[in-house]
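# Residue-level structural notes
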Amino acid sequence: MTIKPSLSLALLSFTLGTVAHATPINTSSANGEQNLQQILDGITVGGASSVDADTDQYANDALWSLGGSGGAFSQIIIELAGNAPINSFGIYDATDPAKSVEIFAGPATAGTASARATFSIMDDGQVVRNLTDETGIYFAGNLLGFYLSTPGHTWYSESVRNADSADHMVAYQGTGDTVKIGNTMAGPWAGNEFVMAWEDLASSQWDHDYNDFVVMVESVNGVSVPEPGTLALLAFGLAGLALARRRQTAAG
């Protein structure tokens, strides 16, 4: 069976429609930490954020694709987890989470150079970090998820992959607010930029404040999750395309 590029792209674009959902967010600040709404307000220049942590959650936050620029920039906003020096954040192949690439290691600190990174997926599937770091990890195509690795667990943006089946990440899409993160210049929070907020403990232990690790990622797009059979077909087609490109590169 031969899957043409146009068909693969059509499969990638396949959606089941936007399903409204909202994950309960604890904004009480009872534990003395900044709550998620305060974090969003805190990066907003000139007043409170127009994004509401409870009602403005982005629906398609499980799987993502890179935009036409071919790469994404990411920056840590804040880490409040007790395991912050150990936790790590990265991306994984939506068809095989064993294929993963770390973007931020535990020692990365908000407001420093270590809290800023880029990643790209080349046309042969290889993931490249920070423009020149060829990781040797090949994704099946332009369909990925995000993960937060903690002591004892790795949590995925796809809740169905999590050991507790819980939703460990909520996302928010930019609405044009002017924001300032760390020591970088203030600018508009654009529609292709997303704040991703995480819980780093198992659901039996968490406090639902989603402030353990908060990061902004740009030049990505949320993708409605296909049916399992469609996702498998997509993986088959994109893997074939990536293999063909690698052969072509080797031959050249």
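## Considering the overall build of the protein
What the protein contains, in helices and strands, is three helices and 15 strands. Summarising the internal contacts of the protein: among those between residues at least 6 apart in sequence, 69% fall at separations of at least 24.

## Considering the packing of aromatic side chains
In total, this model carries eleven aromatic pairs according to the counting rule given. On the basis of an interplanar angle of 25° and a centroid distance of 5.6 Å, the ring pair of Tyr58 and Trp64 is categorised as stacked. When its relative accessible area of 16% is taken as the criterion, Tyr58 is described as buried. Where Phe89 meets Phe146, the ring centres are 5.7 Å apart and the plane angle is 5°; that geometry is what we call stacked. Of this pair, Phe89 sits in strand 3 (residues 88-93) while Phe146 sits in strand 8 (residues 144-150); the two residues are 57 residues apart in sequence, bridging distant segments of the chain. For Phe89, a relative accessible area of 1% corresponds to the buried category.

## Here's the deal with the sheet that holds strand 7 (residues 133-138)
Ordered in space as 7-6-5-2-14-13-10, the seven strands form an open sheet in which the pairing is antiparallel. Each edge of the open sheet is held by one strand with a lone partner, namely strand 7 and strand 10 (169-173). The mean inter-strand angle of the sheet, taken between neighbouring strand axes irrespective of direction, is 25°. Across three bridges, strand 5 (residues 116-121) lies against strand 6 (residues 126-129) in antiparallel orientation. When the sheet's bridge partners are listed, Phe119 is paired in strand 6 with Arg129. Across the sheet, helix 2 (residues 36-43) touches strand 2 (71-79), strand 10, strand 13 (193-198) and strand 14 (213-218), and the angle it forms with strand 2 is around 115°.

## Here we look at the side chain of Gln57
Mapping Gln57 onto the fold places it in the loop between helix 2 and strand 1 (63-66). In terms of polar contacts, Gln57 uses its side chain to reach the backbone amide nitrogen of Thr23, at 2.7 Å. For Gln57, the side chain forms a polar contact with the main-chain oxygen of Ala53, separated by 3.3 Å. Aside from chain neighbours lying at most four places away, what touches Gln57 is Ala22, Thr23, Ile25, Val170, Ala171 and Tyr172.

## A closer look at the pattern of salt bridges
Summed over all chains, the structure comprises two salt bridges. Its salt-bridge partner being Arg129, residue Asp133 comes within 2.7 Å of it at the nearest N-O pair. Judged by its relative accessible area of 22%, Arg129 is partly exposed. The salt bridge involving Arg161 is made with Glu158; its shortest N-O contact spans 2.8 Å. Note on Arg161: relative accessible area 30%, which makes it partly exposed. The class of Glu158 is buried, set by a relative accessible area of 5%.

## Quick word on the nonpolar core
Within soluble globular proteins, side chains that are nonpolar generally end up buried alongside one another. Counting 31 residues, the largest nonpolar core has Trp64, Phe146 and Met196 as the members making the most contacts within it. In contact with Phe146, other than residues within four places in its own chain, are Trp64, Phe89, Gly90, Ile91, Tyr92, Phe119, Trp155, Tyr156, Ser157, Met196, Trp198 and Val217.

## Here we look at the environment of Tyr92
Positionally, Tyr92 belongs in strand 3. The exposure class of Tyr92 is buried, given its relative accessible area of 0%.

## Considerations on the confidence of the model for the protein
Summary statistics for the protein give a mean pLDDT of 86 and a share of 81% for residues scoring 70 or more. Taken as a whole, residues 1-20 scores under 50 in pLDDT and shows 31 contacts with residues more than four places along the chain or in a different chain.

## Focus: the environment of Gly82
Assignment of secondary structure puts Gly82 in the loop between strand 2 and strand 3. Through-space distance from the C-alpha of Gly82 to that of Asp200 is 9.3 Å; in sequence the pair is 118 residues apart.

About the thresholds
- Residues numbered from 1 in each chain as written.
- Predicted model: local features only at pLDDT ≥ 70, side-chain atom pairs only at ≥ 80, totals over all residues.
- Heavy atoms only, no water.
- Helix = DSSP H or I, 4+ residues; strand = E, 2+ residues; numbered from the N terminus.
- Contact = heavy atoms within 4.5 Å.
- Phe/Tyr/Trp six-rings, centres within 6.5 Å; stacked < 30°, edge-to-face > 60°.
- Buried < 20%, exposed > 50% of the residue type's maximum accessible area, 1.4 Å probe, protein only.
- Pairing = 2+ DSSP bridges.
- Axes fitted to C-alpha atoms, helices over the stretch in contact; angles between N-to-C directions.
- Polar contact = N/O pair within 3.5 Å; in protein donor to acceptor, adjacent residues only side chain to side chain.
- Salt bridge = Lys/Arg side-chain N within 4 Å of Asp/Glu carboxyl O.
- Core = buried A, V, L, I, M, F, W, Y, C linked by side-chain atoms within 4.5 Å.
- pLDDT = per-residue confidence, 0-100.

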